[in-house]
Amino acid sequence: MATPGPQRYASGGRKLGVDPTTLDHALAAMARLRATDARITPVLTLRHFAALTDLPYGFLRGAVARQSYPPYRFVYLKKRIPGRTGLRMISIPPKSLMKAQRWLVEHVLRFTEAHPASYAFHPDSSPVQAAEQHPNTRWLLKVDIEDFFHSVREREVAAIFTRIGFQKLLAFEFARLCTIAVDRGPGGNPAPRTEPIAVYASGFEGMLPQGAPTSPMLANLAMARTDATLAALAAERGFRYSRYADDLAFSSTADRTLVEMRALQREVCRILNEAAFRPNLRKTVIRGPGSRRIVLGLLVDGPTPRLSQAFRDNLRLHLHYLGDPAFGPARHALARKTGMSSLYHHVRGLIGWAQQVEPAYGRRLLEAFEAVDWPPVQPRRIEGSGAAGDPFT
């Protein structure tokens, strides 16, 4: 259902006898949204949102109240972190809630802008572009944010929608639709506060779920002010700064000392902590001359990002066994304790990554891959959000 323009809306409201004060408030709300971006579809109330999405108003209201809607489905994926074991929780919304979230992505969030230092979760962004910000790096500081999505709380999401231009009540309701309630345990819940509507009261604190279509863009927007602070810090000290999801990189082409790098690390961690983002100290590293300087899996010690030798060796090994008549896809998959379909998509994904970074090399790999005598392979659909599908995570 298309939303009428302000003039048509005002004319229709007067003909229906809408109270002039109510009509003025609605037009002011529409003007605030259009001031942010004229392409954003104005939404005035939760009932209006129900009409726009063809979702029952009762369902939306119950979801905002954390009642009467199917639960999220949880999938746990192993984290690929050398030397560590653990699981990444992917939270998949029920279809009805997913529909509401996708509407917000298509009609609101895709018209917002992340900080220029961010290279993930918005159109045309890529990890290669992030790595390209760090040519000829001599010194590198890499910082990882722990539980990036889960660090963004319900009230922060509501503040984002308010800044976009939505009225405070609706911004709160959108925040509830985009977050998942978590019981923080005894003493772990937020301080009691007065909700805008009594039925919305909840003892649980909402957070962004990794797996909802709204979470990536909302996390970017929640990080925007911190990105600005970190970018200013980097510029002040003569460093380049980029962020790809939860991976932060600070680099310099100049000679630095370890003392300088550690001072930068302390200041970056302080800024993140003050913004309620927890640095993962296990994955925070400093690299200088004589060590491999890698950003998002790519070597950045030269003028352009390059694939690492380990990545090349891994692909060469795959293609050797896949193309060997005495071995082939079936035996190679068996040796790796996986199915041929999984192996096919895994290797094809690695080649796709190589094509993005070094196109000529990637084309040669693809030719060798396509020469393999593969059995029919079913296409694979990847669900979820975030950087989990990237080859370097």
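First, a word on scope: everything that follows refers to the structure included in this document. Note that this is a predicted model, so its numbers are computed, not measured.

A few words on the pairing of strand β3 (residues 139-146). Where burial is concerned, most of β3 is hidden: six out of the eight residues are buried. Where β3 meets strand β7 (residues 247-252), six bridges bridge the pair, whose relative direction is antiparallel. Bridging across to β7, L141 finds its partner in F250. Here three bridges tie β3 to strand β9 (residues 285-287), and the two strands are oriented antiparallel to one another. Within β9, the position partnered with L141 by the bridge is I286. Direction of pairing for β3 relative to strand β8 (residues 278-279): antiparallel, over a ladder of two bridges. Bridging across to β8, E146 finds its partner in R278.

This part is about the environment of F239. Relative to the helices and strands, F239 resides in the loop between α9 (215-236) and β6 (240-244). Classification of F239 by relative accessible area gives buried; the value is 9%. Measuring from C-alpha to C-alpha, the distance between F239 and L141 comes to 9.8 Å, with 98 residues separating the pair along the chain.

Moving on to the sheet that holds strand β11 (residues 298-299). Judged by pairing direction, the sheet is antiparallel, and its three strands sit side by side in the order β10-β11-β12 without closing on themselves. For this open sheet the edge positions go to β10 (294-295) and β12 (306-307), each flanked by a neighbour on one side alone. Pairing geometry for β11 and β12, over two bridges, is antiparallel. Counted as the bridge partner of L299 is R306 from β12.

Across the eight residues of helix α3 (residues 46-53), six count as buried, placing the element largely inside the fold. For α3, the full list of buried residues reads L46, H48, F49, A50, L52 and T53. Check the buried side of α3 and you find it contacts α4 (57-64), α5 (95-107) and α8 (168-178). The positive-phi residue at the C-terminal boundary of α3 is D54, with phi of around 60°.

Calculation rules
- Residues numbered from 1 in each chain as written.
- Predicted model: local features only at pLDDT ≥ 70, side-chain atom pairs only at ≥ 80, totals over all residues.
- Heavy atoms only, no water.
- Buried < 20%, exposed > 50% of the residue type's maximum accessible area, 1.4 Å probe, protein only.
- Helix = DSSP H or I, 4+ residues; strand = E, 2+ residues; numbered from the N terminus.
- Pairing = 2+ DSSP bridges.
- Contact = heavy atoms within 4.5 Å.

Functional significance is not addressed by these values, which are geometric in nature.
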